[in-house]
Amino acid sequence: MLRSVLALLALLLPAGCVPQSAQMEEGSVSSQPRLAAYHCSDGTSLTVENRGTSVVVDDGGEEKIELPASPTESRHRYGAELYALVLDETQALWMKAGETPASCER
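Residues numbered from 1 in each chain as written. Predicted model: local features only at pLDDT ≥ 70, side-chain atom pairs only at ≥ 80, totals over all residues. Heavy atoms only, no water.

Engineer: What is the right way to look at the pattern of salt bridges in this model?
Structural biologist: For side chains bearing opposite charge, pairing can occur when the charged atoms are close. On inspection of all chains with the given rule, the structure shows four salt bridges. Close ionic contact of R34 with E49 constitutes a salt bridge, the shortest N to O distance being 3.3 Å. Here E49 lies in strand 2 (residues 45–50) and R34 lies in the loop between helix 1 (2–12) and strand 1 (35–40), a separation of 15 residues in the sequence. Residue R34 is classed as exposed on the basis of its relative accessible area, which comes to 53%. Owing to a relative accessible area of 23%, E49 belongs among the partly exposed residues under this scheme. Close ionic contact of E49 with R51 constitutes a salt bridge, the shortest N to O distance being 3.4 Å. A relative accessible area of 42% means that R51 is categorised as partly exposed. The network of salt bridges with common partners includes R34, E49, R51 and E66. (Salt bridge = Lys/Arg side-chain N within 4 Å of Asp/Glu carboxyl O. Helix = DSSP H or I, 4+ residues; strand = E, 2+ residues; numbered from the N terminus. Buried < 20%, exposed > 50% of the residue type's maximum accessible area, 1.4 Å probe, protein only.)

Next up, the structure:
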């Protein structure tokens, strides 16, 4: 099961899935604020603390989720194990394994 989930995340995170506007040149500064609140299409709310090379996501669950940049030089795509987050200006795509991805707005 875990192998299937990891394979699914590998398909969801490639660079080709990110709009060109979200792909930043190496060394550029992220346009994302340090702390942002998002309201999602599935009714959930996210709080995202942007640490540059990682983000900490609070989706109202029991624990906050820390996601490293993926790939490591990215400042818009984050993912680990069962979760992935893609940031693009004021929008976010929040993905949890086994659930429909949620579109979110700041």
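From this point on, the discussion continues.
Engineer: Help me understand the pairing of strand 1, please; the structure alone is not making it clear to me.
Structural biologist: Two faces, one strand: in a regular strand the side chains alternate between the faces of the sheet. By the alternation rule, side chains of strand 1 split into A36, Y38 and C40, which are all buried, and L35, A37 and H39, of which none is buried. With two bridges joining them, strand 1 and strand 8 (residues 102–105) adopt antiparallel strand pairing. Note on strand 8: the bridge partner recorded for H39 is E105. (Pairing = 2+ DSSP bridges.)

Engineer: Looking at this structure, I do not really get the packing of aromatic side chains. What am I missing?
Structural biologist: The description of an aromatic ring pair rests on the distance of the ring centres and on the angle between the ring planes. Taken as a whole and judged by the stated rule, the model has one aromatic pair. Ring centres 5.6 Å apart and planes at 15° place the aromatic pair Y83 and W94 in the stacked group. Note that Y83 is positioned in strand 6 (residues 83–88) and W94 in strand 7 (residues 91–96), a separation of 11 residues in sequence. (Phe/Tyr/Trp six-rings, centres within 6.5 Å; stacked < 30°, edge-to-face > 60°.)

Engineer: It is not clear to me how the pairing of strand 6 should be interpreted in this structure. Could you clarify?
Structural biologist: Of all six residues in strand 6, five are buried, a share of seventy percent or more. In terms of strand pairing, strand 5 (residues 77–80) meets strand 6 through four bridges, oriented antiparallel. Paired with Y78 across the two strands is L85, which belongs to strand 6. If you look at the hairpin formed by strand 5 and strand 6, you'll find two residues sitting between the two strands, and E81 has a positive phi there, around 45°. Pairing between strand 6 and strand 7: six bridges, direction antiparallel.

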